[in-house]
Structures are given as structure tokens and as C-alpha cells.
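What follows is the residue order along each chain.
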Amino acid sequence: MQVSPSIKLTENDIMKIRNDFPLLSQKVHGKPLIYLDNASSSQKPKQVIDAISNYYLNEHSNVHRGVHYLSSAATEKYEAVREKIRKFLNAASSCEIIFTKGTTDSINLVASSFGKKFIQKNDEIIISEMEHHSNIVPWQMICDERGAKIRVIPINDNGEILMDEFNNLLNEKTKIVAVSHISNTLGTINPVKEIIYLSHKRNIPVLIDGAQAIPHLKVDVKELDADFYCFSSHKAYGPTGVGVLFGKEKWLNEMPPYQGGGDMIKSVTFEKTIYNELPQKFEAGTPPIAGVVGLGAAIDYINNIGFDFILERENELLEYATKKLLNIKGLKIYGNSKNKGAAISFLLDGIHPYDVGVILDQLGIAVRTGHHCTQPLMERFRIAGTVRASFAFYNTREEIDQLVSGLEKAKKLLGN
Amino acid sequence: MSIEEIQNEIIEEFSMFDCGEDSGDSWTAKYEHLIEMAKELPAMDEKFKTEENIVRGCQSRVWLHAYQEKGNLKFLADSDALVTKGLVALMVRVLSDHKPSDISKAELFFIEKIGLREHLSPTRSNGLLAMIKQMKLYGLAFHQKQMD
């Protein structure tokens, strides 16, 4: 459905939005599904499902190669999504938009290609203590290869980056800074604009892991002045298997290709291959065309609903859930940043998060439990894992009430 | 009792919680029973909670210690999560104190019958599946040792 940002939404409007998401009406263990695992992956509106199905039913062919009608049509559609994403991110040129498999793939691409060109022995890469393993391991791999080092920005007990410490870490050996826009575990919205500003003062480029930010807030890469920005389609109401890497043209041009194969070449002889220009240089092989088409439909869906509404709605849910959860005796929230996205990590006193997840599942409530691919962060807080409830605009206050009563039930069953 | 008989006994025990699918709170009673068993499992001596004895799951951890007594293979086990520990207790009840060869050959059908099969799914990564594999491997290894 289309929503005008100036109109205050009623619960009735939310029900209309929920109707766009067929899976949300499912029952789990005989109870209505309450889906609070959106930070892991969001559900898909039927507009996205229809776009993918229509593509395969009527429009499919390989892109960039054929002269025939279907191939031209598929290429046009594929490239139109690239332009749509350029606009969505406010990038300068659509050649700065690279389609990848997802955020992890995007970060691996930059770590590998940027690393090969710009990282030497004893150089340093700065990341933060709250990074997802996807924004740690690719950098470790290139550090091992090049003899470089990872430096880590510490955080405070609220889960906020210590900016003074960050500033102190920047030096002439720093080659790149890589931080998340929003923490997947703590929900912290990081001051990425300031991080980029401080890094640029020393001519150091910055990669932003935007996997958690893209579905929740308006991202403008020009305003941020980000050098690289990565995100996944599936967390933003699109299909799995496709993601985006935005990179400034000046960097992408300097970086060697990540993978070799079809589409990324201009000419091949056994003696020498001339690489294609941007963006094809970084898109070897047949791309996930249907996925890109689905992502295009997801961007349309988000644009129709509008970030004004999304932000207001999710902030309201976050505030309501935080208040309600803190009423539960013995519940502790991890991540209390003043600037926070719609995810809450918590523990019930003395109860293992896995047990809580199992009981909530029996009640039809989907949350995530465990270390959320942020083991160093778990170590920072000296815990093995948390329970994480994460919200999307289609969630309701009633669902949060159900979560709270589910947690009370878990406490009763599992408490000593 | 044989491994099969113990499994049947457990199925019998759990059948009283089964009042058909979707029916109210039968799952609650089942989990209450499971958690009760977790709490009743004798505490594992800390000296056995070593790196070596850990069966790593992504979600919860399981410790497993095997030793031989009068030709039978016995297990001590524990978990940091209560639901997993309840299932660990059931596994120990079924498999501990039997001949190593019986353990390695045992067919475990009771988990499915008591409606807790989802806990054995590899995607749960609670360490339970790895624990069963480890128990059977111990059975095989001790059996080999006896034969040598």
C-alpha cells in the first residue's frame, strides 16, 4: 500500500501493510506467528514475490549478451534497478553501484581488491568492537596475506563507540576504516558521518557496513561522503542472494577485479585480458538477475511507504518494547545507546538465551538467540549470547505484549 | 533394561502429555518434564568440564565424559542450557551403562516419538546431535579396545 508521510497512521493502516506480507498470517505450533527476527532477515511483500515470479514467467533471459528481444529487455530491467539504487543511495553515478551476493560478499570484495592494491606490510585497518564477523574476518584474511594489522575501536558499557579512542587510533599507517552503520546485536546507530569526517581529514577511506541501516533509515552516501557502503537485499524486504556495494568511482577504478569470468572482460586472449569498465569489472559471471529485479521491487515498496513513516513507526515500537521489557524483573538490556535502531538484545537473569528462544518458539514467537555473529562483542560484555528481538514497521504493540507474556512464561518454566 | 526398553519407557512417560496437536498446553507440560529432568541430572564434576570433553554447539554447549565400569560404558554429561540439558539427561538415561557395542549400534527412535525431533536438527546447533555422534563413537572405540 502507498502511505503519505504526512498522514498519521492508524492500527488499521498497519493491518493493510501486514496484508502485503503473506507469510505474516502463518501459524507456528498452532499459534499466530509473531516475527521478531527482522534484523536477521525481513519478510517479503507480495509486490516483491510477484516481481520475481513475473520475471521468470515472462521476462527471463541472460543479460548483457544477447541481441534478441528478451535479453535486451532483461538487461534494461537489470540496469534500471542499478539506476534505482543509485538514486536510493544518492550516489553520483550508477557505475558506482555493484551487485554482489550480499553485504558479506561486498565487504570481501573491498577487503580483497582494495587490500591487494593499497595494503602493505605493517599497515593498519581500523574496525570497531561491535562489528559482525563479516566485517572482521575479511579484514583479518587480507591482513594475514599482506602482513598488516587490525586495530579495534573500543565501546562503552552502553554500546557506543568511544570517539576519542577512535581519533587516537588514526595514524599514517591506517589504510582503511570499516564500521557498521547500525550494530546488529546492540542496535546502536554509530556516528558514521563523524567517523568519515575524521578519517578523511587524514585522507583515509571508510567502508560502512549498512546491512542493518538500509531497511530502517534514509542513507545518502553523498551526504555521508562514504567511500564504500554495503548492504543486503534480504534484510530490506528483498530476496536473498543479492546485495549491493557502493564504491566511489575513484577507488573502484584503482582496485583490481575481485573475480574473473564472463561479463567482467573487454577482451580475452591467452596472453592478456583487458578488463571491462565499471560496474561490470566487478560483476563476473551471470548475475542474480531475478534477485536484482526483486530488490528493485523492494526499493519501490520502501519508497512508497517512506522513511518518515518507517522511522516514526519503528521508534515507537522500540520505545514501547524497551519500556515493557524493562518491567520484567531480572531482565537486562544490552545496548543502551541514545541513538538506537529497532533491535533489543537482552538476557533474563540466570537463564540461557537458547532456553528462552525454545520456549518463545513454542508460543509462535520468532526471536534470535546466541552470539549474533559478534563473538568479540559478547566477550566485551562477558556473556555467551543474548536474546534479540528486532522489529520492522509491520510489527504491532500487541505482538510486543505477546513477547512480554512469553518471557514471563519462560521465566516461570526455566527459573530456579 | 535394554536400550530399546528404556526408550519405550520414556515414550510411555511422555505419552501422558500428548493430548493431540495444538491442544492447549500439552507442550508446556512436556517442557516442564524435560526441565525437571535437567534439574535432576546429577551435577557434573567441574574437573570433567574440560576443553577436551566439550561438544561444541553454536547455541549451547554440552560436556560429555565417558568411562568404563565392569565392561559397560558409562556417560556423565551436562549442558549450559536447561532444555538441552534435559535432552542430555534423556540420552544419558538411554545410553549410559550398556555394552559399548550395543551403544554404537543403538537406534534412537524415542526423540522423534516424544515429539522433540526439532531439537536434533543440525540448524539448532545446540550440540545435541554432535553429542549423540560422540557417544556412539565412544561405543565403537571402547568396543574395538575390548576386541584388541
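Everything here concerns the structure above.
First things first, this report covers the structure right here in the doc. (Residues numbered from 1 in each chain as written. Chains lettered and ligands numbered in written order. Predicted model: local features only at pLDDT ≥ 70, side-chain atom pairs only at ≥ 80, totals over all residues. Heavy atoms only, no water.)

### Here's the deal with the interface of chain B and chain A
- Contact residues are listed per partner, giving 20 residues for chain B and 18 residues for chain A.
- Summed over both sides, the interface of chain B with chain A buries roughly 1,600 Å², with 57% coming from carbon and sulfur.
- Between the two partners, chain B and chain A, sit eight residue pairs in polar contact (both at pLDDT 80 or more).
- Put simply, the parts of the chain that give the side of chain B that touches chain A at least two residues each are helix H2 (26–40) and helix H3 (82–95) of chain B.
- Broken down by element, the residue count for the side of chain B that touches chain A peaks at six residues, all from H2 of chain B.
- Classifying every residue of the side of chain B that touches chain A gives seven nonpolar, six polar and seven charged. (Contact = heavy atoms within 4.5 Å. Buried area = accessible area lost by both parts, 1.4 Å probe. Polar contact = N/O pair within 3.5 Å; in protein donor to acceptor, adjacent residues only side chain to side chain. Helix = DSSP H or I, 4+ residues; strand = E, 2+ residues; numbered from the N terminus. Nonpolar A, V, L, I, M, F, W, Y, C, P; charged D, E, K, R; others polar.)

### Here's the deal with the packing of aromatic side chains
All names here are of chain A.
- Taken as a whole and assessed by the stated rule, the structure comprises 21 aromatic pairs over all chains.
- An angle of 85° between the planes, with centres 5.5 Å apart, marks the rings of Phe-118 and Trp-251 as edge-to-face. Of this pair, Phe-118 sits in helix H4 (residues 103–118) while Trp-251 is found in helix H9 (residues 249–254), placing the two residues 133 residues apart along the sequence.
- Of the residues examined, Trp-251 reaches a relative accessible area of 14% and is grouped as buried.
- Three or more aromatic residues joined by ring pairs make a cluster, and in this case those are Phe-21, Tyr-237, Tyr-301, Phe-309, Phe-393 and Tyr-394.
- The positively charged end of Lys-218 is found above the aromatic ring belonging to Phe-88, 5.0 Å away from the centroid.
- Above the plane of the ring of Phe-381 lies Arg-380, whose end atom (NZ or CZ) is 5.0 Å from the centre. (Phe/Tyr/Trp six-rings, centres within 6.5 Å; stacked < 30°, edge-to-face > 60°. Buried < 20%, exposed > 50% of the residue type's maximum accessible area, 1.4 Å probe, protein only. Lys NZ or Arg CZ within 6 Å of the ring centre and 35° of its normal.)

### Considerations on the pattern of salt bridges
- Under the counting rule described, the total for this entry stands at 30 salt bridges over all chains.
- The partner of Arg-18 of chain A in a salt bridge is Glu-399 of chain A, with the nearest N and O atoms 3.2 Å apart. Linking Arg-18 of chain A in helix H1 (residues 11–19) with Glu-399 of chain A in helix H14 (residues 397–414), this pair joins segments that are 381 residues apart in sequence.
- Relative accessible area serves as the criterion here: at 14%, Arg-18 of chain A is assigned to the buried category.
- Across the salt bridge formed by Lys-248 of chain A and Asp-227 of chain A, the nearest N and O atoms sit 3.5 Å from each other. Pair noted here: Lys-248 of chain A is in the loop between strand S10 (243–247) and H9 and Asp-227 of chain A is in the loop between helix H8 (221–224) and strand S9 (228–232), with a separation of 21 residues, a long-range link. Neither Lys-248 of chain A nor Asp-227 of chain A differs from the other in exposure class; each is buried.
- In the salt-bridge network here, residues are joined through shared partners; they are Glu-46, Lys-49, Asp-78 and Lys-85 of chain B. (Salt bridge = Lys/Arg side-chain N within 4 Å of Asp/Glu carboxyl O.)

### Quick word on H4 of chain A
All names here are of chain A.
- For H4, spanning 16 residues, the distance from its first C-alpha to its last is 21 Å, which sits close to the expected 22 Å at 1.5 Å a residue.
- Burial of H4 is extensive: twelve of the 16 residues sit out of reach of the surface.
- Those residues of H4 lying buried are Thr-103, Asp-105, Ser-106, Ile-107, Asn-108, Leu-109, Val-110, Ala-111, Ser-112, Ser-113, Phe-114 and Gly-115. (Expected span 1.5 Å × (residues − 1).)

### Considerations on the sheet that holds strand S8 (residues 206–209) of chain A
Residues and elements named next belong to chain A.
- Strand order in the open sheet formed by seven strands is S4-S10-S9-S8-S7-S5-S6, with mixed pairing between adjacent strands. The strands lining the two open edges of the sheet, one partner per strand, are strand S4 (97–100) and strand S6 (149–153). For this sheet, the mean angle separating the axes of adjacent strands, direction not counted, is 20°.
- Direction of pairing for S9 relative to S10: antiparallel, over a ladder of five bridges. The residue bridging Cys-230 from the neighbouring strand is Leu-245, located in S10.
- Along the sheet face, H4 touches S4, strand S7 (174–180), S8, S9 and S10 and points at about 155° away from the line of S9. (Pairing = 2+ DSSP bridges. Axes fitted to C-alpha atoms, helices over the stretch in contact; angles between N-to-C directions.)

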